[in-house]
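A look at the structure
This is what each chain is made of:
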Amino acid sequence: MTTSDPKAEIHAANLTYIHYGLDKTAEAALIDISFSLPKGSRTILVGANGAGKSTLLQILAGKRLISNEGTEVSIKGRDVFRQYPQGVTFLGTEWAMNPVVRGDIVVRDFLNSVGGYRHKERRDQLLDILDVDLDWHMHAISDGERRRVQLVMGLMGEWDVLLLDEVTVDLDVLVRDDLLTFLKNDSEERGATILYATHIFDGLDMFPTHVAHMRFGRFVTLPAPWETLQNISNADRSKLYSVALQWLKEDRDYRRELENNKGRKRRGAQRQEVPTDSETFYRKYDYSH
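Below, the structure is looked at part by part. Keep in mind the model is a prediction, meaning the values are calculated, not measured. (Residues numbered from 1 in each chain as written. Predicted model: local features only at pLDDT ≥ 70, side-chain atom pairs only at ≥ 80, totals over all residues. Heavy atoms only, no water.)

Further remarks concern the packing of aromatic side chains. Considering all chains together, one arrives at 3 aromatic pairs under this definition. A centroid spacing of 6.2 Å and a plane angle of 80 degrees characterise the contact between Tyr-196 and Phe-207, whose relative ring orientation is edge-to-face. In this pair, Tyr-196 is assigned in strand S8 (residues 193-197) and Phe-207 in the loop between S8 and strand S9 (210-215), connecting sequence segments 11 residues apart. Comparing Tyr-196 with Phe-207 shows no difference in burial state: the two are buried. Measuring from ring centre to ring centre gives 5.9 Å for Phe-216 and Tyr-254, while their planes differ by 50 degrees; the resulting arrangement is tilted. Here Phe-216 is found in the loop between S9 and strand S10 (218-225), whereas its partner Tyr-254 is found in helix H6 (residues 239-261), with 38 residues between them in sequence. For Phe-216, a relative accessible area of 38% gives the class partly exposed. Between Arg-215 and the ring centre of Tyr-254, over which it is positioned, the NZ or CZ distance is 4.7 Å. (Phe/Tyr/Trp six-rings, centres within 6.5 Å; stacked < 30°, edge-to-face > 60°. Helix = DSSP H or I, 4+ residues; strand = E, 2+ residues; numbered from the N terminus. Buried < 20%, exposed > 50% of the residue type's maximum accessible area, 1.4 Å probe, protein only. Lys NZ or Arg CZ within 6 Å of the ring centre and 35° of its normal.)

Residues Ile-44, Leu-130, Val-149, Leu-155 and Leu-183 are the most contacted members of the largest nonpolar core, which totals 45 residues. Counting only elements with at least two residues in this core, the list comes to strand S3 (42-46), helix H2 (107-113), helix H3 (120-129), helix H4 (143-155), strand S7 (161-165), helix H5 (173-190), S8 and H6. Ranked by the residues each element gives to this core, the list is headed by H5, at 5 residues. The residues touching Ile-44, leaving out its near neighbours within four places in the chain, are Tyr-196, Thr-198, Phe-201, Leu-204, Phe-207, Pro-208, His-210, Val-211, Ala-212 and Leu-240. (Core = buried A, V, L, I, M, F, W, Y, C linked by side-chain atoms within 4.5 Å. Contact = heavy atoms within 4.5 Å.)

Take it as geometry only, folks, not as evidence of what the structure does.
Written as structure tokens, this is what we have:
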């Protein structure tokens with residue numbers, strides 16, 4: 001697929017990204033990423049911590065600039081760096097930690113301040129699904145409740161492309177299930193596209209149209225139709241959970257093999273044994289002197 005292909009709602013080609021900072025020897029977080037997703041698809045991104053999932057989503061959301069020659073990143077046929085398209089929503093984990101949304105503001109006023117009154121029907125539907133009380137005060141609610149408010153805010157408009165980065169981690173099982181049902185129905189009814197990075201796979205078997213596997217900044221498995229990947233199963237677990245578990249075990253084995261080849265061991269493997277004799281233990285860990 002190319003950016004001109006109308007089926008490529010999300011498209012990237014030759015995408016490499018390095019987090020430049022104090023460490024000038026930092027390795028690339030994304031390496032030669034190329035993929036396309038069709039309109040109306042719902043893709044689950046699977047990968048261990050540090051695989052590059054969040055970085056990829058942030059770039060697609062226009063939060064990081066790429067200027068490498070030959071790199072293409074587009075949504076709805078428009079370059080995300082130069083003419084960012086309308087109708088794209090990104091929801092990540094950092095929002096709930098923002099001090100602005102932890103102030104003493106009533107949820108009703110907060111949602112109205114970001115246009116809630118213009119999307120009353122969808123807003124009220126999401127308030128019911130996410131069990132949000134308009135009279136809550138943002139500074140007095142839990143992280144999970146604050147996350148629900150974020151989801152109402154982000155989803156009440158009729159988005160065309162939704163980029164989700166671990167935003168269901170704080171939700172209880174019932175709310176999460178209701179939300180996923182809403183998103184699936186919304187995608188099917190309106191042809192909206194979802195790219196969702198998560199580490200929670202239970203209850204997701206019926207959600208995706210595509211599944212992808214990232215490792216160390218690369219795609220090990222490009223986004224592929226979910227029905228073609230369901231050959232790994234376990235009677236005691238969901239199919240997607242089983243697929244993700246096998247992939248993540250392979251990732252861990254691959255990382256350990258790389259570290260061994262470099263003669264490197266993680267600090268945990270070098271820890272000294274804790275003394276079993278109480279007097280020796282307290283003498284060893286007495287920091288009062």
